[in-house]
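Listed below, chain by chain, are the residues.
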Amino acid sequence: MRTTDIIKTAWSNLKRNKTRSILTIVAVFVGATTITLTNGIGDGIKSYLDRQISSLGTDGVLITSIKNEASGEDGDGPKKYDPAKTKAAASITQHDSPEGGFSPFLLSSKDIKKIESIDGVQSVEPATSLTLDYITTPGSDKYQINAQTLGNDFLAFDIATGSQLNPGSQNQEVLLPSSYVSVLGFSSNEDALGKTVQLQVSNQRQEAKTYDAIVIGVVNKSFIASNGMIVNSALANKAIDYQNEGKTEAQKNLYTAAITKFDKNFTQEQIDELKNKLSDAGYKGVTIKDQQQMIFSAIDAIVVVLNLFGVVALAAASFGIINTLYMAVQERTKEIGLMKAVGMSRRKIFSLFSIEAALLGLIGSASGIVAANIIGRVINKVASKGFLKDFEGLQLLSFEFASVTTIILLVTLIAFLAGTLPARKASKLDVIEALRYE
């Protein structure tokens, strides 16, 4: 008997007991659907984040901060108190301040210069924070808004219309969040382009100043840009200088982090070497890809937990397959004896029942994936018009070909393995005893 004949026979045998086969397939279907949906959530979020981060153009960038040895960042756990080391760490920032008293984990102007001097570093941009009182236009109300200033001159954002910020521009320019377009009185994203918005900033003496800025682009809301306005350097520098009026020089030159640029053509080995140099100097450098990987690891952990529900369903389905085929062996004992009597080998009988089990897994997993895709499309449609409407391009559930194929193969393999016990029993039946079986 050829392999194709064995498959046809196995299929015919499944159709003999339709009810039993359908119930077993349903159990496999439930497990496969659950696993496909949970993996779809992980793939959907990771795919969206990957597109967002890839669009930033962040190759050649390290986010640099003071290495916090007290928190055990080196993996050795929290450190015991050491007065000498604590004072040395504090001096990193306090050397700029006659008063002292600042956190030892903030970068100072001397730190920025020290990082710039490290071999392999092209430039360093400290993370300065701009707090806006409000944004408005003539005839509109005043609205609170966050401002993003770090790295805006070289990062690329998800533009709905218009253009990215021009690093060399001396004009005061902004990228406006799409959610602010209508409330500021613009009829559309295109209508906002080239228009002027007013931004108010307050200094440390509680004095306020208004800045005019030209809208050169409208950005979609995303995990990266959130719902903040992207401000170019020409505007950010002026507004931050005014905001800092009333601070001491030491306070003005303290930063939580900095953007450290290096050659985009660096290999991973060269990037790791640069990180080590920063570490030796007392700093910690991570790429945005490193941070992305941390997020992905958290998503993967959640997906694994959710997949446990599908695994439970598949375990129940496996016992169903074993039960189904054991009953089939019992019912077809005499038939198995006849097949052996006419020369069918033990290996082929084993293959016959194993293929029946694999077909149960294949049909159940394939139908589960089809159902998951239908459910996923409905959920994506509802979500895109509901709680995810501000995140353009985000598909909550995404079914990658590789993931779907892996699920089908995995479930089919589980079903095949579940069928090996009854298949082995069938292949070992004695011919005479099987023919006598009633």
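Residues numbered from 1 in each chain as written. Predicted model: local features only at pLDDT ≥ 70, side-chain atom pairs only at ≥ 80, totals over all residues. Heavy atoms only, no water.

### Overview of the overall build of the chain
Keep this limit in mind: Helical segments are the DSSP runs of H or I of at least four residues, strand segments are the runs of E of at least two, and each set is numbered from the N terminus. Using a 1.4 Å probe on the protein chains alone, a residue whose accessible area is under 20% of its type maximum counts as buried, one over 50% counts as exposed, and one in between counts as partly exposed. It only takes one pair of heavy atoms within 4.5 Å for two residues to be counted as in contact. Here, Shrake-Rupley sampling with a 1.4 Å probe gives the accessible areas, and only protein chains in the shown set may cover a residue.
Within the chain one finds 13 helices and 13 strands. Within the chain, the fraction of its 438 residues that count as buried is 42%. Long-range pairs, those at least 24 residues apart, make up 81% of the contacts in the chain between residues at least 6 apart in sequence. Accessible surface, the chain as shown: approximately 22,600 Å² in total, 57% of it carbon and sulfur.

### Some thoughts on the packing of helix α9 (residues 288-331) against helix α11 (residues 346-385)
What counts is decided by this rule: Axis lines are fitted to C-alpha atoms, over the contacting stretch for helices. Their N-to-C directions set the angle, which ranges from 0 to 180 degrees. Left-handed describes a crossing in which the near helix is turned anticlockwise from the far one by less than a right angle; the clockwise case is right-handed. By the convention adopted, Pro, Cys, Tyr, Trp, Phe, Met, Ile, Leu, Val and Ala count as nonpolar, Lys, Arg, Asp and Glu as charged, and the other residues, Gly among them, as polar.
Look at α9 against α11: their axes get within 11 Å of each other, and the N-to-C directions meet at 145°. Note on packing geometry: the crossing formed by α9 with α11 is right-handed. Seen from α9, the contacting residues are I321, L325, A328 and V329; seen from α11, they are F353, E356, A357 and L360. The class makeup of the residues in the contact of α9 with α11 is seven nonpolar, no polar and one charged.

### Let's talk about the sheet that holds strand β12 (residues 258-262)
Within a sheet, each strand pairs with its neighbour through backbone hydrogen bonds, oriented either parallel or antiparallel. Just so we agree on the cut-off: At least two bridges found by DSSP between two strands is the condition for calling them paired.
The four strands are arranged β3-β12-β1-β13 in an open sheet whose pairing can be described as antiparallel. Sheet topology places β3 (121-126) and β13 (283-286) at the edges, where each strand pairs with a single neighbour. In this sheet, neighbouring strand axes are inclined to one another by 30° on average, regardless of whether the strands run parallel or antiparallel. Taken together, the four bridges between strand β1 (residues 61-66) and β12 define a ladder with antiparallel strand orientation. Residue pairing in the sheet places T64 in a bridge with A258 of β12.

### A look at the packing of α11 against helix α12 (residues 401-427)
Heads up, the rule is: For this classification, under 35 degrees means roughly parallel, over 145 means roughly antiparallel, 65 to 115 means roughly perpendicular, and everything else is oblique.
Closest axis-to-axis distance for the α11/α12 pair is 7 Å, and the angle between their directions is 150°. Considered as vectors, α11 and α12 are oriented roughly antiparallel to each other. Remark: the crossing between α11 and α12 carries right-handed chirality. Taken together, the residues of the contact of α11 with α12 break down into 15 nonpolar, seven polar and two charged.

### As for the pattern of salt bridges
When the charged atoms of two side chains with opposite charge come close together, those side chains can pair. Quick note on the threshold: Salt bridge, as applied in this entry: a Lys or Arg side-chain nitrogen positioned within 4 Å of an Asp or Glu carboxyl oxygen.
Under the criterion given, the structure shown has five salt bridges. Ionic contacts of the salt-bridge type, sharing partners, join the residues D119, E273 and K277 into one network.

### Quick notes on the environment of D300
Checked against the element boundaries, D300 lands in helix α9. Linking D300 and K46, residues 254 residues apart in sequence, is a C-alpha distance of 9.4 Å.

### Some remarks on the environment of E125
Structurally, E125 is set in strand β3. Taking the relative accessible area as the measure of exposure, E125 reaches 27% and is therefore partly exposed.

### A closer look at helix α1 (residues 3-16)
Inclusion rule: One fewer than the residue count of a helix, multiplied by 1.5 Å, yields its expected span. Starting at the helix axis, one direction is taken to each C-beta atom, and the arc is that of these directions.
With 14 residues, α1 should cover 20 Å at 1.5 Å per step; its first-to-last C-alpha distance of 20 Å lies within 8% of that length. For α1, every residue scored as buried is listed here: I6, A10, N13 and L14. Viewed along the axis of α1, the buried residues span an arc of 100°, placing them on a single side of the element.

### Details of the packing of aromatic side chains
To be explicit about the condition: Aromatic pairing here means that ring centres of Phe, Tyr or Trp (its six-membered ring) are within 6.5 Å. Orientation follows from the plane angle: under 30 degrees is stacked, over 60 is edge-to-face, and everything else is tilted.
Following the criterion strictly, the structure yields one aromatic pair and no others. Their ring planes at 25° and their centres at 5.6 Å tell us that F262 and F266 sit as a pair that is stacked. The partly exposed category is assigned to F266, whose relative accessible area is 22%.

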